[in-house]
Amino acid sequence: MLDGGADAVYLFNYFGSIIGGGEWTREEYLRTLRAMGALGELHKLPRRHAVTWRDIVGPKEKYEAPLPAEGKELRFEVATGPAPEAGAKVGLELALEAEAEAPAVTVNGVAGVLEAREGGVVRFEVPVKALEGRERAEVEVKAAEGETVRVMGVEVAIGGLAKGGRP
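Thresholds, definitions, all that
Residues numbered from 1 in each chain as written. Predicted model: local features only at pLDDT ≥ 70, side-chain atom pairs only at ≥ 80, totals over all residues. Heavy atoms only, no water. Salt bridge = Lys/Arg side-chain N within 4 Å of Asp/Glu carboxyl O. Buried < 20%, exposed > 50% of the residue type's maximum accessible area, 1.4 Å probe, protein only. Helix = DSSP H or I, 4+ residues; strand = E, 2+ residues; numbered from the N terminus. Polar contact = N/O pair within 3.5 Å; in protein donor to acceptor, adjacent residues only side chain to side chain. Patch = residues over 30% accessible without salt bridge, like charges linked within 9 Å, V, L, I, M, F, W, Y side chains within 5 Å. Areas by Shrake-Rupley, 256 points an atom, 1.4 Å probe, with all protein chains shown as cover. Arc of directions from axis to C-beta. pLDDT = per-residue confidence, 0-100. Contact = heavy atoms within 4.5 Å.

Turning to the pattern of salt bridges, a few remarks are in order. Applying the stated criterion to the full structure yields 13 salt bridges. Ionic pairing is found between arginine 54 and glutamate 61, a salt bridge with its closest N-O pair at 2.8 Å. Judged by relative accessible area, which is 34%, glutamate 61 ranks as partly exposed. One salt bridge connects glutamate 77 with arginine 136, and the closest N-O pair in it is separated by 2.4 Å. Note that glutamate 77 is positioned in strand E3 (residues 73-79) and arginine 136 in strand E9 (residues 136-142), a separation of 59 residues in sequence. Each of Arg48, Glu93, Glu118, Arg123 and Glu155 takes part in one network of salt bridges that share partners.

This part is about the side chain of histidine 49. Assignment of secondary structure puts histidine 49 in strand E1 (residues 47-50). A polar contact of 3.0 Å, which involves the side chain of histidine 49, links it to the side chain of arginine 47.

A cluster of nonpolar side chains, contributed by Trp53, Val57 and Tyr63, occupies part of the molecular surface with about 270 Å² of accessible area. You can see tyrosine 63 is positioned in the loop between E1 and strand E2 (69-71).

What follows deals with helix H1 (residues 26-35). Buried within H1 are the following residues: Tyr29, Thr32 and Ala35. For H1, the arc enclosing every buried residue in end-on projection is 130°, short of the 170-degree limit, so these residues lie on one face. Residues of H1 that are exposed and angled more than 90 degrees away from the buried face: Arg26, Glu27 and Arg34.

Model confidence for the protein chain is summarised by a mean pLDDT of 84, while 88% of its residues fall at 70 or above. When the criterion is pLDDT under 50, residues 160-167 qualifies, and its contacts beyond four places in sequence or with other chains add up to 22 contacts.

Rendered as structure tokens:
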């Protein structure tokens, strides 16, 4: 949001991480909140960019959510903000409905390499050059020959993907 020109970021009811024994330590949580006050500080941290959708639609509004999506070839556009520095780890994570063969993926035309699979979650490593000079990632997903793929989630991680889905 800051990269897009917002003056500030407000996280409504974003307390669960430190209340009730969440995964984050209090220090991690406070460091993240402080970083949200300065774009330069945010660029130093690992970040994730997800395909999202609205769950509230106005009266008579025509809206089609991007996920879930099913087909032989699918495309998703993800706003990723400033391009990562050379050498940064870039990952793509897909949540698939079924455990079919992993699809082939590209990010801005650069092929991703299958890194790991845990159930319906498939992770790919993407060469950092895929995001050079860009602030968006066009993700293409191509099902294995003769199959279709049903994608439930799409995330681009800059700074790497850690086990359990957190950078």
